[in-house]
2 protein chains.
Amino acid sequence: MANEQLEELRKQLDDVNLQLLDLINERARVAQEIGKVKSAQGSNRFDPVRERDMLDTISENNAGPFETSTLQHIFKEIFKASLELQEDDHSKALLV
Amino acid sequence: MANEQLEELRKQLDDVNLQLLDLINERARVAQEIGKVKSAQGSNRFDPVRERDMLDTISENNAGPFETSTLQHIFKEIFKASLELQEDDHSKALLV
């Protein structure tokens, strides 16, 4: 009984993982577009004020169970990865 | 023109952020349920084989633009946070 329940919960988790995967990559695509616009404008890709705003929005909308600090840590990793992706795009653009 | 485009892309990013927030917390709730079942079974909450399987599934389903290694790094942070949440629940249960 407990094993069946565990299997069912694991299926739910696998499903959420795939949704998360798609959404993180969707976010990356939007961040890449932003990187292109900023690059064309000649503005800096890293914007600490904008990043702070996004972290505050996470805090305001967090219904749990994760603590806000935990979520902000995870989002900072996503922001960092997005910035690295934008920088890779920029380097490639310079090489063309 | 570029500023309007930037605003529009930022709105899209904010929307994706909120969807991610909900999904990460949904994942945490499922992980908490799994923790409860495993706790009742007396089995270990950390299962390296299951974690490896989940990371392999990420790799198999990654359509980019993020590299698989980047996604696996982000997911490992989410796994770690989920495990900490399960351990908190377990400690609280012991205190009852």
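See the structure printed just above.
Residues numbered from 1 in each chain as written. Chains lettered and ligands numbered in written order. Predicted model: local features only at pLDDT ≥ 70, side-chain atom pairs only at ≥ 80, totals over all residues. Heavy atoms only, no water.

## As for the interface of chain B and chain A
Size of an interface: often given as the accessible area lost when the parts come together. Counting from both sides, the interface comprises 51 residues of chain B and, opposite them, 51 residues of chain A. Counting each side, the surface lost to burial between chain B and chain A is near 4,900 Å², with a carbon and sulfur contribution of 73%. The largest share of the area that chain B buries against chain A comes from L13(B), P65(B) and F66(B), three residues that together contribute 13% of it. Put simply, chain B and chain A have 4 salt bridges between them. Among the salt bridges present, the one from D47(B) reaches R10(A), with a minimum N-O distance of 3.3 Å. At the junction of chain B with chain A, the criterion picks out 20 residue pairs in polar contact (both at pLDDT 80 or more). Counting only elements with at least two residues in the side of chain B that touches chain A, the list comes to α1 (2-41), α2 (48-61) and α3 (68-95) of chain B. With 30 residues, α1(B) is the largest single contributor of residues to the side of chain B that touches chain A. Of the residues belonging to the side of chain B that touches chain A, the class tally is 26 nonpolar, 15 polar and 10 charged. (Contact = heavy atoms within 4.5 Å. Buried area = accessible area lost by both parts, 1.4 Å probe. Salt bridge = Lys/Arg side-chain N within 4 Å of Asp/Glu carboxyl O. Polar contact = N/O pair within 3.5 Å; in protein donor to acceptor, adjacent residues only side chain to side chain. Helix = DSSP H or I, 4+ residues; strand = E, 2+ residues; numbered from the N terminus. Nonpolar A, V, L, I, M, F, W, Y, C, P; charged D, E, K, R; others polar.)

## Some points on the environment of L18(B)
In this structure, L18(B) sits in helix α1. In this structure L18(B) comes out as partly exposed when scored by relative accessible area, which is 31%. Apart from the residues within four sequence positions on either side, L18(B) is in contact with T57(A) and N61(A). (Buried < 20%, exposed > 50% of the residue type's maximum accessible area, 1.4 Å probe, protein only.)

## Side note on the pattern of salt bridges
Residues and elements named next belong to chain B. Scanning the model with the defined rule gives 10 salt bridges over all chains in all. Two residues, K80 and E77, come together in a salt bridge whose shortest N-O distance is 4.0 Å. Of this pair, K80 and E77 both sit in helix α3, 3 residues apart, which is roughly one turn of that helix. Residue K80 is classed as partly exposed on the basis of its relative accessible area, which comes to 47%.

## Structural notes on unusual backbone geometry
For the peptide bond that leads from G64(A) to P65(A), omega is 10 degrees, which places it in the cis range. Mapped onto the fold, P65(A) is located in the loop between α2 (48-61) and α3 (68-95).

## Quick word on α1(B)
With 40 residues, α1(B) extends 57 Å between its outermost C-alpha atoms, agreeing within 8% with the 58 Å of an ideal straight helix rising 1.5 Å per residue. G42(B) occupies a position one or two residues after α1(B) and carries a positive phi of about 75 degrees. (Expected span 1.5 Å × (residues − 1).)

## Section: the nonpolar core
If you look at the biggest cluster of nonpolar residues, it comprises 46 residues, and the most contacted ones within it are L20(A), I24(A), F75(A), L20(B) and F75(B). For this core, the elements supplying multiple residues, two or more each, are α1 (2-41), α2 and α3 of chain A together with α1, α2 and α3 of chain B. Sequence-distant contacts of F75(A), defined by excluding residues within four places in its chain, comprise L55(A), I58(A), N17(B), L20(B), L21(B) and I24(B). (Core = buried A, V, L, I, M, F, W, Y, C linked by side-chain atoms within 4.5 Å.)

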